[in-house]
Amino acid sequence: MSKRSMGHFWYKLRLSHPWRYKAPVLLACVYMVFIKKQASLSEMAPWLGLSLLTIVGIAGIGYLINDFSDRQSDSKAGKPNFFEGASWLRVAFSVLTLTILALGPWYFFPMDRLSWILLIGELVCFVIYALSPFRLKKNIWIAPVLDALYAHVLPALLATHTFLLIIEADFSYLHLFALSLWQLILGIRLLINHLIEDRPHDLLNHHTLATEYSAHQISSFLWYAMLLELLLFTSVLYFVTNLLISLSSGLVLLAFTLAQKSRYSFVENVPDIFYRKLLGAGVIALLIFTQGSSYLLLLLIQLILFPIGQSHELQKVLGRLYQFGSVIVNHGIYYVRRLILRQSEKKARRQYYEQHLINKTNQMKSDYLGSITIANLNLNKYSETYIHEYKKQLPYGVDFLYGGYPPVFDEFGQSLIKPQNAMNTEEHLLDAIVQRLKKTKSRLVLAHFGPMAVSMLPACRAAGVPLTAYFHAYDVHHKAQTEKHINDYQEVFKHAHLLIGSSREVISKLKEMGAPEQKLKYLPAYVDLSRFTYEDHSENGHTILTVGRFADTKAPHLSLLVFKEVLNDIPDAQMTMIGEGELLEASISLAKALKIDHQIRFPGALSPTEIHNAMKSSRVFLQHSITTPLNHDKEGTPVAIMEAMACGLPVISTTHAGIAEIITHEQNGLLVPELDVELMAKQTIRCLKSAELSKKLGENASESIHNNPLITNHMQIITDMVNQFGLRQE
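Calculation criteria
- Residues numbered from 1 in each chain as written.
- Predicted model: local features only at pLDDT ≥ 70, side-chain atom pairs only at ≥ 80, totals over all residues.
- Heavy atoms only, no water.
- Pairing = 2+ DSSP bridges.
- Helix = DSSP H or I, 4+ residues; strand = E, 2+ residues; numbered from the N terminus.
- Contact = heavy atoms within 4.5 Å.
- Axes fitted to C-alpha atoms, helices over the stretch in contact; angles between N-to-C directions.
- Parallel < 35°, antiparallel > 145°, perpendicular 65-115°, else oblique.
- Nonpolar A, V, L, I, M, F, W, Y, C, P; charged D, E, K, R; others polar.
- Core = buried A, V, L, I, M, F, W, Y, C linked by side-chain atoms within 4.5 Å.
- Buried < 20%, exposed > 50% of the residue type's maximum accessible area, 1.4 Å probe, protein only.
- 1 Å grid on protein atoms, 1.4 Å probe; cavity = no way out; pocket = protein on both sides within 12 Å on 5 of 7 lines; lining within 4 Å.
- Points joined across faces, edges and corners; volume = space filled by probe spheres on them.
- Salt bridge = Lys/Arg side-chain N within 4 Å of Asp/Glu carboxyl O.

Our focus in this paragraph is the sheet that holds strand β4 (residues 442-448). Spatial ordering of the open sheet is given by β3-β2-β1-β4-β5-β6-β7, a layout of seven strands whose pairing is mixed. Edge positions in the open sheet fall to β3 (409-410) and β7 (520-522), since each of these has one partner strand only. Where strand β1 (residues 371-376) meets strand β2 (residues 397-402), six bridges bridge the pair, whose relative direction is parallel. The residue bridging I372 from the neighbouring strand is V398, located in β2. Sitting on the sheet, helix α21 (residues 450-463) is in contact with β1, β4 and β5 (467-471), with an inclination near 170 degrees to β5. Running at roughly 165 degrees to β7, helix α24 (residues 504-512) makes contact with β5, β6 (498-501) and β7 of the sheet.

Another point: the packing of helix α30 (residues 677-689) against helix α31 (residues 691-706). Running from amino to carboxyl end, α30 crosses α31 at an angle of 100 degrees, the nearest separation of the two axes being 5 Å. Taken together, α30 and α31 sit at an angle that is classed as roughly perpendicular. Contact residues: R686, C687 and K689 in α30; A691, L693, S694 and L697 in α31. Of the residues contributing to the contact of α30 with α31, the split by class is four nonpolar, one polar and two charged.

What follows is about the nonpolar core. If you look at the biggest cluster of nonpolar residues, it comprises 76 residues, and the most contacted ones within it are Y31, F34, W182 and Y295. With 13 residues, helix α8 (residues 142-166) is the largest single contributor of residues to this core. With residues near it in sequence (within four places) discarded, Y31 still touches L48, G280, V283, I284, L287, L298 and Q302. Ranked by size, the runner-up nonpolar core spans 37 residues in total, among them L416, A432, M452 and A453.

The side chains of a regular strand alternate between both faces of the sheet. Counting buried residues along β2, six of its six residues qualify, which places the element largely inside the surrounding structure. Of the two faces of β2, both are covered, the one formed by G397, D399 and L401 as well as the one formed by V398, F400 and Y402. Pairing between β2 and β3: two bridges, direction antiparallel. For Y402, the partnering residue across the bridge sits in β3 and is F409.

Our focus in this paragraph is the packing of helix α28 (residues 639-646) against α31. Two numbers describe how α28 lies on α31: the axes approach to 7 Å, and their chain directions differ by 115 degrees. As summarised for this structure, α28 and α31 are arranged roughly perpendicular, according to the angle between their axes. Taken together, the residues of α31 that come into contact with α28 (itself represented by M642, M645 and A646) are G698, A701, S702, S704, I705 and H706. Its residues assigned to classes, the contact of α28 with α31 comprises five nonpolar, four polar and no charged.

Our focus in this paragraph is unusual backbone geometry. For the peptide bond that leads from S132 to P133, omega is 5 degrees, which places it in the cis range. Position of P133 among the secondary structure elements: in the loop between α7 (113-130) and α8. Cis geometry is found at the peptide bond from Y405 to P406, where omega equals 0 degrees. Even without a glycine there, the phi angle at A473 is positive, about 130 degrees. Position of A473 relative to the elements: it lies in the loop between β5 and α22 (474-477). Assessed through its relative accessible area of 1%, A473 is described here as buried. In this model, A657 sits at a positive phi of 45 degrees, which is unusual for a non-glycine residue. Judged by its relative accessible area of 15%, A657 is buried.

Attention now moves to empty space enclosed by the protein. In total, this model carries four cavities of 30 Å³ or more according to the counting rule given. Each pocket or cavity is described by its volume, and for the largest cavity that value is around 110 Å³. Along the wall of the largest cavity there are 14 residues; nearest its centre are T546, V547, R549, K554 and P556. Of all the elements in the fold, those that place two or more residues in the lining of the largest cavity are β8 (543-547), α25 (556-569), β9 (574-578) and β11 (620-623).

Before going further, it helps to spend a moment on the environment of L437. Checked against the element boundaries, L437 lands in helix α20 (residues 425-439). L437 gets classed as buried once you look at its relative accessible area, which sits at 2%. Here the alpha-carbon distance between L437 and S371, two residues 66 residues apart in the chain, equals 9.0 Å.

What follows is about the sheet that holds strand β10 (residues 600-604). Overall, parallel pairing links the six strands, which are arranged β10-β9-β8-β11-β12-β13 in an open sheet. A single partner strand is all that each edge strand has here, and the edge strands are β10 and β13 (670-672). Taken over all neighbouring pairs, the strand axes of this sheet differ in orientation by 20 degrees on average, direction set aside. Here β9 pairs with β10 via three bridges, running parallel. Bridge pairing in β10 places I578 opposite G604.

The final tally for this structure, using the stated rule, is 13 salt bridges. Put simply, R189 and E229 hold a salt bridge, and the shortest N to O gap is 2.8 Å. Pair noted here: R189 is in helix α9 (residues 173-197) and E229 is in helix α12 (residues 215-240), with a separation of 40 residues, a long-range link. Here R189 and E229 have matching classes, each one buried. A salt bridge links R549 to E582; its shortest N-O distance comes to 2.5 Å. Here E582 lies in the loop between β9 and α26 (584-593) and R549 lies in the loop between β8 and α25, a separation of 33 residues in the sequence. Within this structure, R189, E229 and D272 form a network of salt bridges that share partners.

So this is what it looks like as structure tokens:
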């Protein structure tokens with residue numbers, strides 16, 4: 001059972017967001033009620049506890065309804081969705097749990113007609129916002145207002161009104177009206193912030209305010225909305241305190257808001273920080289001042305639930321408590337399934353079973369044979385795949401580090417450096433990596449990309465662990481990169497045991513840079529040949545596929561120009577462009593400008609399984625790789641091209657770098673000169689129209705990949721490398 005599974009439910013429903021940004025405001029609204037009429041904390045404690053439960057429950061139901069209605073669009077955009085891969089049992093359990101949390105407390109809360117109106121209004125807003133046939137979230141103007149109503153206005157009114165009933169205090173409709181307007185403006189502003197964050201996904205699926213208007217326009221509007229919001233907050237404070245307290249608090253908050261460095265931030269502004277960290281604690285402090293020290297305990301609980309500062313010691317203690325609780329809960333669930341329900345170990349561990357076996361075997365390998373350490377800048381879908389396969393196939397354990405130069409996280413996202421060592425980070429991080437290499441009995445470090453090798457070299461030298469540097473192209477071709485690291489590379493060339501290049505051209509470039517020839521080895525990147533097996537694509541429809549980062553070297557804009565030419569001859573052709581990157585938005589804009597966007601899909605980054613499925617349904621694979629004109633950047637031997645070839649998908653590409661090393665024109669693929677859009681379009685049309693040519697190229701391509709010893713024997717080559725250069729087994 002994964003240590004992280006305890007937080008899986010919380011993460012999948014994204015409940016951390018309402019907990020951080022909505023719960024503090026709702027509780028502050030409740031605390032304000034106590035100012036109006038003195039109440040005993042011992043009497044209020046059970047009601048506050050029930051309030052926390054219903055806050056989580058109602059927020060969870062809202063996210064469930066949203067995710068249920070967004071299943072298809074979220075899957076297309078690659079956004080997290082609770083229902084993705086969820087079993088019916090998990091869904092049923094989640095619905096039941098959240099319903100009990102949301103509605104159960106209302107069995108105890110006092111209610112009147114207004115309470116029922118607000119509660120039913122909350123449910124109605126959920127439904128008409130997210131579900132068909134209403135689905136008003138698609139209306140770019142109504143959606144922000146409706147979201148603010150169900151997420152902010154109604155919960156705040158419900159919380160305030162309920163506690164007014166509990167303490168039997170008089171209430172003013174002007175107070176509730178001011179509270180409603182304050183929460184309405186706040187809710188609209190936070191929703192638009194979220195739309196700005198989601199803009200890359202929404203561009204591919206539907207229109208929102210963030211896709212229809214520039215961030216500059218929106219920022220200006222939200223700035224003035226935030227000032228109005230502060231005025232409304234001051235009026236709310238006036239109804240529960242007095243003119244002096246409300247006016248002075250409002251002016252101080254306004255002064256800090258006007259003084260913030262950026263006029264408006266789509267991430268977090270001064271008022272947001274105030275609401276989240278200070279408002280609740282401030283109201284409780286006022287209660288202590290006016291009603292006595294009995295509220296000190298409530299202040300302590302508030303500060304634990306919603307810390308004001310970044311207390312590393314407190315976070316460390318809470319983190320350990322969470323880990324301990326996670327272990328207890330996970331083991332409890334596991335043993336209930338095993339001992340009471342009499343389930344097999346595989347069934348008891350559910351979706352974590354395979355990973356459990358791999359990690360368990362990996363740990364055994366590390367204990368008995370030592371491990372190899374893989375260092376990479378990112379933990380992405382491709383790196384997750386090859387790490388998974390390395391763990392399964394290599395005779396050693398695998399320890400993966402990532403997150404910077406040098407890396408700062410392990411495979412599970414745990415920091416290598418302790419929070420209290422945040423000062424003098426470089427020295428402590430180096431020491432932490434050295435200790436990690438010793439703890440895992442690392443026999444060899446495999447650093448992907450030159451800059452990573454540069455950053456890992458001091459730790460390898462300090463720990464006495466051999467270093468192998470894997471150069472992939474960008475790190476030796478890109479002008480800015482080579483100028484920055486050329487001197488550091490000389491140290492890597494001097495001290496590394498082996499220098500691997502992903503293409504023969506990379507090997508030649510390393511030679512030019514001064515790398516010793518005896519240390520150089522050509523090895524294409526890993527391809528999972530068990531997944532990408534041959535299939536005949538010659539009978540598929542006129543579907544073109546591209547896979548890869550939207551980067552300068554892959555020139556997605558040129559692929560779009562090729563597709564435009566193809567459509568002139570084959571009007572029913574379709575194209576899918578899988579990937580993310582800095583040129584994604586520009587490519588989407590170009591597709592719209594060329595008026596071909598209705599025949600192109602941009603699904604974003606996909607998993608290897610999803611990429612394989614896309615390849616199975618495609619007719620040809622297109623990649624117009626180029627040498628960039630300013631930085632002279634190039635590709636190595638692209639993994640996506642090797643995967644396409646392996647599964648028999650005909651590849652049409654350019655005579656570029658490592659591509660020309662694995663494709664022979666007219667035999668196992670089609671090649672054109674770089675930047676020749678017209679010729680690439682002609683070759684694509686040829687392949688789409690000729691099933692015979694398509695089948696021949698696909699068969700030969702698959703055979704050439706599956707018979708290439710450098711690709712088929714990748715794991716054995718890595719094993720031999722460790723045996724030859726790695727530390728001896730202890």
